[in-house]
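# A look at the structure
Okay, here's what each chain looks like letter by letter:
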Amino acid sequence: MMRPMNANRALRIALPVVVLTLVVLAWDLTVRGFGIPPYVLPGPGLVAATLVNDAPLLGQSLLVTLSVAVQAFLLAAVGGVVLAVAFNQWRLVEHAFYPYAVILQVTPVVAVAPLLLIYLPQPLAVLACAWIVAFFPVLANTTLGLNSVDHNLIALFDLYKASRWQVLWNLKLPAALPQMLAGLRIAGGLALIGAVVAEIAAGSAGAGSGLAYRIAESGYRLNIPRMFAALLLLSVAGVAIYFVLAGASHLALRRWHDSAVRRER
Amino acid sequence: MTTALSIVNSPLVSLRNVGKTFDSGTVALAGLNLDIREGEFVSLLGPSGCGKSTALRIVAGLGTATEGSVAWAGGAAGDIGFVFQEPTLMPWADVAANVRLPLKLAHADPAAADQAVAQALARVALSDFAHSYPRELSGGMEMRVSIARALVTEPQLLLLDEPFAALDEITRFRLNNDLLAVWQELRRTVVFVTHSVFESVYLSQRIVVMTPRPGRVFTEIAIDAPFPRDERFRTSAGYAGYCRTVSDALGAAMAGAAA
């Protein structure tokens, strides 16, 4: 017998699968029924076949893009947290640099990328773009977390004459962890987007070409099935990044934070 | 059977002519004179907003008086334990780690700290919950953890700021008794801020009734009933008499301000 909890869980997995099946079916029927040529809209079967046939090429590109995204994410995580802590510890640093962090964030990265490509070697420029996009949510969320510590707990640490670093390490950082992790989750997705945008702006060929370049290149060559295949891989990569970070966040918070603790009713 | 400590003990902390004006211009305290005597259980009783919490924070060194002086016997401020209105626990740390915090911040010897934490948890009957997280506890248990944390350093002075105000009556009565038992055992000085006449009479040797804002001492009432007190005291005629006296004093303090 199925408990309601399990039935609900099963539905949450089954329903998206049903929707996917219906969409793919409709897609296939449309392509076949109207005799749409593959250079306009390839059927799902052809996309799958391309995925298999082009696997070595696309796989290598996927690795390139993922590696940029992961590096950008790690740099964004470290940079965002370190800068947020610096802002929190020294108000003058915050006053001096926060406006520029905001400017960096609000300036569209597509517009910045060509400039970076002039001044930096291409791999570095791509990494820089991805980093710019990914780092701000880490900074903003961690700053928010560090600044919203329970004031009575701060009073308690004062009472016991805690040093600045004791307050930071034992109180502010753990208290900011949920917001920090939320920022990191956003940054993971943005790092991939930043990498893709920069690759498209870079648009150069060669061994170091990522998935975004494959998409642009396939577009020029009217190799639409490969465009779909590359796009599919990018989506899968994005979803994988999201789940890894969401899982890590859940593990870190599961004992104590409302967002991660399952309530029994 | 222990009886009330005589209240001729020398003052541990003396507040002289203490005033507090906030940046907003609100005058919370004006001309507050108060002696906290070694080993006594004293309550500050007054209406909400009368500055009693402000006075407590000034004694703890968490706020500064804008006028007057706070003097400790022996010069330097002693060890203080503080219990807030909310449990104020670190949600990411388990019960033992929360209670251990004051020792950790003071870089205490780990083995000695383990022992002190175990003892403090035993005092509030939470030994079985050392590895629970605050969110897994009831409100009353969270408050007991908060009290254990305040006791773990065996402070000279224990300050409690309306700690039981948010609890249901049954839990509050139980915690009243637990607190009295701890006080009887440790014989430390306790200052208890409350707006409840009944709670202050049940717990205290001495009640300091404060005026509405700006707060100062309206009158002091000694509660000479013997310790240990229990639920029978709570329903006794003596208790009811004290409650009436204190209630009348509080009424007069309020009326005096209105006039």
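This one's a predicted model, so the numbers in the text were calculated from it and none came from an experiment. (Residues numbered from 1 in each chain as written. Chains lettered and ligands numbered in written order. Predicted model: local features only at pLDDT ≥ 70, side-chain atom pairs only at ≥ 80, totals over all residues. Heavy atoms only, no water.)

### Focus on unusual backbone geometry
Residues and elements named next belong to chain B. Across the junction of Arg213 and Pro214, the peptide omega takes the value -5 degrees, indicating a cis bond. Mapping Pro214 onto the fold places it in the loop between strand E8 (206-210) and strand E9 (217-222). One non-glycine residue, Glu162, lies in positive phi territory at about 45 degrees. In this structure, Glu162 sits in the loop between strand E6 (157-161) and helix H5 (169-186). The class of Glu162 is buried, set by a relative accessible area of 9%. (Helix = DSSP H or I, 4+ residues; strand = E, 2+ residues; numbered from the N terminus. Buried < 20%, exposed > 50% of the residue type's maximum accessible area, 1.4 Å probe, protein only.)

### Remarks on helix H4 (residues 139-151) of chain B
Look at H4 of chain B: 19 Å from first C-alpha to last across 13 residues, which is about the 18 Å you get at 1.5 Å a residue. Most of H4 of chain B is tucked away: 11 of the 13 residues are buried. In this fold, the buried residues of H4 of chain B make contact with helix H7 (151-159) of chain A together with strand E5 (80-83), helix H2 (95-105), helix H3 (110-123), E6 and H5 of chain B. (Expected span 1.5 Å × (residues − 1). Contact = heavy atoms within 4.5 Å.)

### So, the environment of Val27 of chain B
Residue and element names in this part refer to chain B. Topologically, Val27 is positioned in strand E2 (residues 27-37). Here Val27 falls in the partly exposed class, since its relative accessible area comes to 34%. Between the C-alpha atom of Val27 and that of Val124, which follows or precedes it by 97 residues, the distance is 38 Å. In contact with Val27, not counting residues within four places along its chain, are Lys20, Thr21, Arg213 and Pro214.

Functional significance is not addressed by these values, which are geometric in nature.
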